[in-house]
2 protein chains.
Amino acid sequence: MEENFVPFGGIKEDVRGRLMCYKQDWSGGFRAGFRILAPTTYIFFASAIPVISFGEQLERNTDGLLTAVQTLASTALCGIIHSIIGGQPLLILGVAEPTVLMYTFMYNFAKDRPDLGPKLFLAWTGWVCVWTAILLFLMAILGACSIINRFTRLAGELFGLLIAMLFMQEAIKGLVEEFRKPDRANPRLTEFQPSWRFANGMFALVLSFGLLLTALKSRKARSWRYGCGWIRGFIADYGVPLMVIVWTALSYIPSGDIPKGIPRRLFSPNPWSPGAYQNWTVIKDMLNVPVLYIIGAFIPATMIAVLYYFDHSVASQLAQQKEFNLRKPPSFHYDLLLLGFMVMLCGLIGIPPANGVIPQSPMHTKSLATLKHQLLRNRLVAAARKCMGKNASLAQVYGSMQEAYQQMQTPLIYQEPSAQGLKELKDSTIQLASTIGNIDAPIDETIFDVEEEIDDLLPVEVKEQRLSNLLQSVMVGGCVAAMPFLRKIPTSVLWGYFAYMAIESLPGNQFWERILLLFTAPSRRYKVLEEYHATFVESVPFKTIVTFTIFQTVYLLICFGITWIPIAGVLFPLMIMFLVPVRQYLLPKFFKGPHLQDLDAAEYEEAPALSFNLDGDICSMASFADGGEILDGIITRSRGEIRHVCSPKVTSSSPTPAKDFASNSPRLSDKVYSPRISEIKGDHSPRRGGRGPFSPRTLETRPSNLGKSGQNLE
Amino acid sequence: MEENFVPFGGIKEDVRGRLMCYKQDWSGGFRAGFRILAPTTYIFFASAIPVISFGEQLERNTDGLLTAVQTLASTALCGIIHSIIGGQPLLILGVAEPTVLMYTFMYNFAKDRPDLGPKLFLAWTGWVCVWTAILLFLMAILGACSIINRFTRLAGELFGLLIAMLFMQEAIKGLVEEFRKPDRANPRLTEFQPSWRFANGMFALVLSFGLLLTALKSRKARSWRYGCGWIRGFIADYGVPLMVIVWTALSYIPSGDIPKGIPRRLFSPNPWSPGAYQNWTVIKDMLNVPVLYIIGAFIPATMIAVLYYFDHSVASQLAQQKEFNLRKPPSFHYDLLLLGFMVMLCGLIGIPPANGVIPQSPMHTKSLATLKHQLLRNRLVAAARKCMGKNASLAQVYGSMQEAYQQMQTPLIYQEPSAQGLKELKDSTIQLASTIGNIDAPIDETIFDVEEEIDDLLPVEVKEQRLSNLLQSVMVGGCVAAMPFLRKIPTSVLWGYFAYMAIESLPGNQFWERILLLFTAPSRRYKVLEEYHATFVESVPFKTIVTFTIFQTVYLLICFGITWIPIAGVLFPLMIMFLVPVRQYLLPKFFKGPHLQDLDAAEYEEAPALSFNLDGDICSMASFADGGEILDGIITRSRGEIRHVCSPKVTSSSPTPAKDFASNSPRLSDKVYSPRISEIKGDHSPRRGGRGPFSPRTLETRPSNLGKSGQNLE
């Protein structure tokens, strides 16, 4: 994306791009069939549970003026609007922690003013929202999102990890709270006797850890050894919501002498009570707010605008990382404009606004990548099986698979039909064909295990559509109606879920992977290489990685510390935005350009890195015929991102548990070229070719020769 | 072992065999240095904790006549005697659950007799022990252990699984008990109010699951990615005792309002109190027992003798399974004789006797195999590194490793110096040499990752010595003195530990693996093959496996059900002994001979299976030069045990977590021959060669050709 500050320029481009695929956004979603329910349910829970919990927090902080009903309503309303007319449908909207913090701050300011007070609080926040909306309009129109490319991986991943820390903090705080007496509760109730409080705390530990551990396990169900395929698939798809239900059910087992309040459960108002809807008419009171406060509302509005600008854009960016190989264009400017409208709408009906949320947005993309993978896989396996039934040769089988693959690719109007994915499949075919020995000999399933092979062949692709987002928003809206059921969930299950979300957001975050690398035994560092396809481990000296990671960790801890400061804490996004100049002007003074590129690629630094890599990457020259591909391979590499031409992924035929979707698509070509070329070149330097200091190549090549020697011996 | 019923024949042979390696039993132990402490501590905890818990059970059942002090004393005394003058030093002795059941039964009988009563109870059990000892002498002398070979894998593993179930049952019972009021406790204590009981139960859940999960994780520490080598090694070696300490410490965190009795802790008498030792002089009272009871003592004595004969022999047999590749001879007859003496000794000083225990005995062997592996590994890595420092070729490196290996093998007087192990290493050398390409080219660590390679090369060997057994027995004795410290351990940690022991005893139990196989998705069954080297998956039709396993499971459940019957429950070993005729006469009517051989090899059926396998196993012919090796390979195979010539283990260069020691020694030769030969023969039948219905071979061969095609392309 070029930096384009022409007024309306960015918005126009976004709208044009998204309009072109708008129809496909819907048709693609419907074509996925009932399977779309898996990511939908997954994201619905990830979205609704924190929103309910934030609603409870808000209720405590605003003396019941705003409750979970309002946060759920806002999340549902904005979600539905965004999923239908929004730009990037992968982005998930919700009422987030920063919004809660801002509203708490505003309430504390307003409640003691005689001419404002709790009565006019919502009307006043209406004005704040109006100002915020105006600021957001201005930013969107003037192309403020153009600088989104300056938010490099450094800033985005730091923010992601910060959010994970806040979620984890919420989980721990919540668990500790289970041992204490709630502030507003009646202390004379049986359940707040010391013995029952202790019992409640211990019960909470059991429930939350139970949920956390089983939820983490269930996500990996597809690679379990036991149970038949559809059960495993079902558990992997719906395991987390299922576990929430299971642990809620388990929480009802202890009965008899146990007081009703143990374990503590969600406390939320009944949305069917008559007083629950008074805030919808807040617009009537807005003119009663004194003029001074209407103008003064501009101050919190600036802060919220900055916050939303950053939060919304980064959530969108994290949902569209390079690794996901998205086909459809981004839409930062237009989405910011739409956010402005939605903020205004929420303000006028007296509910807290929703914005793009982390980690739900990247979770959404990931779950859609899994879905797409499943869909592609089923189709290709079916095609291959059908073909093999006719005693076909490997070449024919792959031909049929390619055909099926092509059919699955709905060509988008504005680009050639998914050339990249096809190219990959073709490459893999040639490679795999040669491994079987004879491309024209008939094969059967004993030689060629379709189910296993296909996982290795498929590239990462995401089912980009609007249906899952719309459905989950509607379901969040349904939560308001289902509140009586939701109140059965123990709060401790919630804390376990928070911890789960924090942990689920970690894999794929390169910053996190680098932190782990610091604690990895030197002899096992190559494993990081295997698992995460991380180039930097090979190309950057370990000392530099350490320094960079420690700098980033310290910065993260400072940001985390700031969130603890009572009011200024809201400004922590400013700290992260401050990373932009730090990255652009300060870091290059301490780190070498190419290293910085590998650790944290910035588009504005692309040019020099390109020439550097052209020098070193002979392998990519050798392996690709057309120049466009060379460029593609090199750019991917120079950006220090997940997969690239020389990735030294070790071939593994068995399904790899504990890895994300990313591991499902190693390109076979990668595996083939790398070890050999470095041998021919005799190049042992760690930067080139790939014979790094922790060379996994030797391990890789062994089986191949083993096979040969086996033949010789016979 | 031949069936030898000549009086004293078996004992003589045992003594002769063990005397020959007696000196080495000690010198080998001392030569291991401080590392011997790892298996020692491991087994000490596995031995002491159940003994303490059984002691508590006994105390409740005998109104405090016998306590944990007596069970610990007996375990220590018998352990020390056995480790010094016993035959098989791998066998661990302890007071076991059956003994507790027998003593409870006897106490219930004695306590209400006016001429016996609690006062003369111990004196009477002294007589029971005397009779038991006499029966054991007779059995030992007459060669009753000769029929130990009739206890096939079927009986041994069923018994092992039954013990695991009993341990798990104890853990669950104990946990449930934590929610209830103990029988003997004062119900007016604060900690027995409903609220505190519930709190105590929940706390117990946290502590026991905490211990179980962390203990299971810690055993796998060696394959962790994080932390430096020695920390990982330390955690793997001492993790379980460490976790007992950690969770005991954590149990002290809740303080303040919490009553002292929460969580419940071990309750044991102070061994330093004056009355604690009155039972040592029980021999004085023995003549006061009425003659009728002296004679009547013969009845329980028969039951105990049968029980001990079986329990002791099977524990010894499980500690000496084929997979462990033991070098030193067994000693069933002599050990039974010695057990007789120890039973008599215990009876005379009024403590319950100890016998060989499951699962501690096989756990002991396994931990010593790990130790031996570590020792071999360190020496060989050092030798290889030293050699590579001199810019040596691969052939030279392996030469030096072979030399180091040979030095590690203390030649036993009565056999050639560990020919098998050396042969393996040599074979592997040749294979691995050819994989690198050129055997004479100088290599360095980037090509040849010593640490990784060596794990693949080393055969399973066990550090057979007496020191670990002696030390752990002495430590158990020390427990009596350390009782005040032991009382700090929460009972819930104990229940977690029981569950841990039950789970730890499962891997390697082929019966358990077959049960798992029933629940394995068909497409993933080949994984069982990979992980457990299980021949039967390939050679026996799946339906037969299912039938056999279901039969075994039903039998197991019947045995388990019998243990629930109040008094007759003690006779459950009879049920398992009954398996001997069932296996010998009944099962062959329902299963085909070769299948039965693969599932449950019996020596008395060896001959026909041999000829059958000679027919099918061309691959073993091809791969071994000398006839002795062929025989060896075929016998191993026909016995349906872990490793054999055609084992289709998939090559894996990365360390394999979650596997036991067994996976540390795949013979490279296995990997090489199998896929190729089956291709040449074009043999797709599941029984031969190895192209089974779930063919992992194709997966295996791919990387080899990938390497080749990579070369072609360049």
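All values derive from a computational prediction rather than experimental measurement.

This paragraph deals with the overall build of chain A. Per the secondary structure count, chain A includes 31 helices and 2 strands. The proportion of buried residues among the 714 residues of chain A is 62%. Long-range pairs, those at least 24 residues apart, make up 81% of the contacts in chain A with a sequence separation of at least 6. By element, 66% of the accessible surface of chain A is carried by carbon and sulfur atoms, the whole surface being about 27,000 Å².

Ring pairs (aromatic) are described by centroid distance and by the angle formed between their planes. Under the definition given, this model contains 43 aromatic pairs over all chains. Plain terms: the ring middles of B:Phe179 and B:Phe198 are 6.3 Å apart, the flat faces sit at 55° to each other, and that makes the pair tilted. Taken together, the residues B:Phe179 in the loop between helix H7 (153-178) and helix H8 (194-219) and B:Phe198 in helix H8 connect sequence positions 19 residues apart. Under the relative-accessibility criterion, B:Phe179 is labelled partly exposed at 26%. Geometrically, the ring pair formed by B:Tyr497 and B:Tyr500 is tilted, given 5.8 Å between the ring centres and 50° between the ring planes. Of this pair, B:Tyr497 and B:Tyr500 both sit in helix H19 (residues 491-504), separated by 3 residues, roughly a single helical turn. Neither B:Tyr497 nor B:Tyr500 differs from the other in exposure class; each is buried. Ring pairing ties together the aromatic residues A:Phe54, A:Phe167, A:Trp495 and A:Phe498, which thus form one cluster. One residue, A:Arg219, lies across the ring of A:Tyr42, its end atom 3.7 Å from the ring centre.

Time to look at a nonpolar patch on the surface. On the surface, A:Phe209, A:Leu213, B:Phe209 and B:Leu213 cluster together into a nonpolar patch covering about 370 Å² of accessible area. When contributions to the nonpolar patch are tallied by element, the ones reaching two or more residues are helix H8 (194-219) of chain A together with H8 of chain B. With respect to the element layout, B:Leu213 can be found in helix H8.

Residue and element names in this part refer to chain B. In this model helix H23 (residues 542-562) runs 30 Å from its N-terminal to its C-terminal C-alpha over 21 residues, within 8% of the 30 Å that 1.5 Å per residue would give. Along H23, the residues classified as buried are Thr-544, Ile-545, Phe-548, Thr-549, Gln-552, Tyr-555, Leu-556, Cys-559, Phe-560 and Ile-562. Burial along H23 is one-sided: seen end-on, the buried residues are contained in an arc of 155°.

Residue and element names in this part refer to chain A. The N-to-C vectors of helix H3 (residues 37-61) and helix H9 (residues 229-250) enclose an angle of 40°; their axes lie 8 Å apart at closest approach. Classified by the angle between their axes, H3 and H9 sit oblique to one another. Here H3 runs over H9; the crossing is left-handed. Contact residues: Leu-37, Ala-38, Thr-41, Tyr-42, Phe-45 and Ile-49 in H3; Asp-237, Tyr-238, Val-240, Pro-241 and Val-244 in H9. Classifying every residue of the contact of H3 with H9 gives 9 nonpolar, 1 polar and 1 charged.

The next point concerns the nonpolar core. By size, the foremost hydrophobic cluster in this structure holds 298 residues, and its most contacted members are A:Trp124, A:Tyr497 and B:Tyr497. A per-element tally of this core places helix H6 (residues 117-141) of chain B first, with 16 residues. In this structure, B:Tyr497 is in contact with B:Tyr42, B:Phe45, B:Ala46, B:Ile49, B:Leu211, B:Val240 and B:Val244, ignoring residues within four places of it in sequence.

This part takes up the packing of helix H7 (residues 153-178) of chain A against helix H23 (residues 542-562) of chain A. Residue and element names in this part refer to chain A. The contact between H7 and H23 brings their axes to 10 Å, and the two run at 50°. Between H7 and H23, the angle falls in the class oblique. The hand of the H7/H23 crossing is right-handed. Counting all contacts with H7, which are made through Leu-154, Leu-158, Leu-161, Leu-162, Met-165, Leu-166 and Gln-169, the residues of H23 involved are Phe-548, Gln-552, Tyr-555, Leu-556, Leu-557, Cys-559 and Phe-560. Among the residues making up the contact of H7 with H23, the classes are represented as 12 nonpolar, 2 polar and no charged.

The next thing to look at is the state of the cysteines. Residue and element names in this part refer to chain B. Applying the stated criterion to the full structure yields 0 disulfides over all chains. Free cysteine Cys-78: the closest other cysteine sulfur is in Cys-346, separated by 3.5 Å. A disulfide-free cysteine, Cys-145 has its sulfur positioned 17 Å from the sulfur of Cys-78, the nearest such atom.

Next up on the list: the pattern of salt bridges. Following the criterion strictly, the structure yields 9 salt bridges over all chains and no others. Here the residues in one salt-bridge network are A:Arg18, A:Asp25, A:Lys328 and A:Arg466, joined through shared partners.

Residue and element names in this part refer to chain A. With an omega dihedral of 5°, the bond running from Ile-358 to Pro-359 counts as a cis peptide bond. Structurally, the position occupied by Pro-359 is in the loop between strand S2 (355-356) and helix H13 (360-389). You will see that Asp-63, though not glycine, has its phi angle at about 50°, which is positive. By relative accessible area, which is 56% here, Asp-63 ends up exposed.

This part covers the confidence of the model for chain A. All names here are of chain A. Of the residues in chain A, 71% have a pLDDT of 70 or more, and the chain-wide mean is 74. When mean pLDDT is compared element by element in chain A, strand S1 (residues 93-94) scores highest at 94, while helix H29 (residues 627-638) scores lowest at 30. For residues 413-419, every residue scores under 50 in pLDDT, and the model assigns this stretch 10 contacts once sequence neighbours within four places are set aside. In this model, residues 607-714 is a region of pLDDT below 50 whose contacts with residues beyond four sequence positions or in other chains number 235 contacts. Among the scores for the predicted complex, ipTM is 0.72 and pTM is 0.74.

It is worth spelling out the side chain of B:Arg18 at this point. Tracing the chain through its elements places B:Arg18 in helix H1 (residues 9-20). In this structure the side chain of B:Arg18 is engaged in a polar contact, spanning 3.1 Å, whose partner is the side chain of B:Asp25.

Let's shift gears to the environment of B:Val100. Residue and element names in this part refer to chain B. Secondary-structure assignment places Val-100 in helix H5 (residues 97-110). In the structure, Val-100 is positioned 51 residues away from Phe-151 in sequence and 25 Å away in space, judged by C-alpha atoms. Beyond its immediate chain neighbours, meaning those up to four positions away, Val-100 contacts Phe-54, Gln-57, Leu-58 and Val-95.

Attention shifts here to helix H9 (residues 229-250) of chain B. Think of an α-helix as 3.6 residues a turn; residues three or four steps apart then line up on the same face. For H9(B), which comprises 22 residues, the first-to-last C-alpha distance of 27 Å sits more than 12% below the rise-based estimate of 32 Å (1.5 Å per residue). Of all bends in H9(B), the biggest is about 75°, found at B:Gly239, and the proline B:Pro241 comes one to four residues later.

Along the chain, the position of A:Asn108 falls in helix H5 (residues 97-110). For the pair A:Asn108 and A:Ile81, spaced 27 residues apart in sequence, the C-alpha to C-alpha distance is 31 Å.

Here we take up the environment of A:Arg583. Relative to the elements of secondary structure, A:Arg583 occurs in helix H25 (residues 579-590). A:Arg583 sits 325 residues away from A:Ile258 along the chain, and the two C-alpha atoms are 57 Å apart.

Calculation criteria
Residues numbered from 1 in each chain as written. Chains lettered and ligands numbered in written order. Predicted model: local features only at pLDDT ≥ 70, side-chain atom pairs only at ≥ 80, totals over all residues. Heavy atoms only, no water. Helix = DSSP H or I, 4+ residues; strand = E, 2+ residues; numbered from the N terminus. Buried < 20%, exposed > 50% of the residue type's maximum accessible area, 1.4 Å probe, protein only. Contact = heavy atoms within 4.5 Å. Areas by Shrake-Rupley, 256 points an atom, 1.4 Å probe, with all protein chains shown as cover. Phe/Tyr/Trp six-rings, centres within 6.5 Å; stacked < 30°, edge-to-face > 60°. Lys NZ or Arg CZ within 6 Å of the ring centre and 35° of its normal. Patch = residues over 30% accessible without salt bridge, like charges linked within 9 Å, V, L, I, M, F, W, Y side chains within 5 Å. Salt bridge = Lys/Arg side-chain N within 4 Å of Asp/Glu carboxyl O. Expected span 1.5 Å × (residues − 1). Arc of directions from axis to C-beta. Axes fitted to C-alpha atoms, helices over the stretch in contact; angles between N-to-C directions. Parallel < 35°, antiparallel > 145°, perpendicular 65-115°, else oblique. Left-handed = near helix turned anticlockwise from the far one by under 90°. Nonpolar A, V, L, I, M, F, W, Y, C, P; charged D, E, K, R; others polar. Core = buried A, V, L, I, M, F, W, Y, C linked by side-chain atoms within 4.5 Å. Disulfide = S-S within 2.5 Å. pLDDT = per-residue confidence, 0-100. Polar contact = N/O pair within 3.5 Å; in protein donor to acceptor, adjacent residues only side chain to side chain. Bend = angle between axes of the 7 residues up to and from the residue.

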